[in-house]
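# Reading the structure
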Amino acid sequence: EGSLFEAAIEYEEELLNNVRRAQLKRHQLYRHFKGGTYIVEDIALDTITGKNVVVYRAMYGEKSLFTRPVDDFLSKVDKDKYPDSSQTYRFEAFDV
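Presented here is a report on the structure given in the accompanying data block.

Right, let's get into the packing of aromatic side chains. The relative placement of two aromatic rings is captured by the distance of their centres and the angle of their planes. Inspection of the entire model under this criterion finds ten aromatic pairs. Seen from their ring centres, Y30 and F73 are 5.2 Å apart, and the 75° between their planes marks the pair as edge-to-face. Of the two residues, Y30 is situated in strand β1 (residues 29-32) and F73 in helix α2 (residues 70-73); the sequence distance between them amounts to 43 residues. Comparing Y30 with F73 shows no difference in burial state: the two are buried. In this arrangement the basic side chain of R31 is found over the ring face of F94, its NZ or CZ atom lying 4.0 Å from the centre.

And the structure:
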């Protein structure tokens, strides 16, 4: 059983995730924590999972188009796996 403190932390993290979801914008530039610049083209519905995915395009090379679940796109960088990452989140918005 989780403690009240753990429940409060989970609730706070969910609120923060909702705020980040609301800030996800079409035509916004994002920097991936490993490098590379991407632009969000749209938010789409994955008809198999029923979940929203981010449709985004690389701003380099062949300008490939990708999709990734919204929660994954907005997830935090695993600092145990990538301790040298300067970013907190996998993708972070920036303006030119």
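Moving on, we come to the pairing of strand β2 (residues 37-45). Bridging between β1 and β2 involves three bridges; their strand directions are antiparallel. The partner of Y30 across the bridge, within β2, is Y38. Hairpin geometry of β1 and β2 is characterised by an intervening segment of four residues between the two adjacent antiparallel strands and by a positive phi of about 110° at G35. Sheet topology note: the β2/strand β3 (residues 52-58) ladder contains seven bridges and is antiparallel. In the sheet register, V40 faces β3, and the bridge partner there is Y56. Between β2 and β3, which follow one another and run antiparallel, lie six residues, and G50 among them has a positive phi close to 75°.

Our focus in this paragraph is unusual backbone geometry. Although it is not a glycine, H27 sits at a positive phi angle of roughly 65°. Inspection of the secondary structure puts H27 in the loop between α1 (4-23) and β1. Phi is positive for K63, close to 55°, though the residue is something other than glycine. Relative to the helices and strands, K63 resides in the loop between β3 and β4 (65-69).

Rules used throughout
- Residues numbered from 1 in each chain as written.
- Predicted model: local features only at pLDDT ≥ 70, side-chain atom pairs only at ≥ 80, totals over all residues.
- Heavy atoms only, no water.
- Phe/Tyr/Trp six-rings, centres within 6.5 Å; stacked < 30°, edge-to-face > 60°.
- Helix = DSSP H or I, 4+ residues; strand = E, 2+ residues; numbered from the N terminus.
- Buried < 20%, exposed > 50% of the residue type's maximum accessible area, 1.4 Å probe, protein only.
- Lys NZ or Arg CZ within 6 Å of the ring centre and 35° of its normal.
- Pairing = 2+ DSSP bridges.

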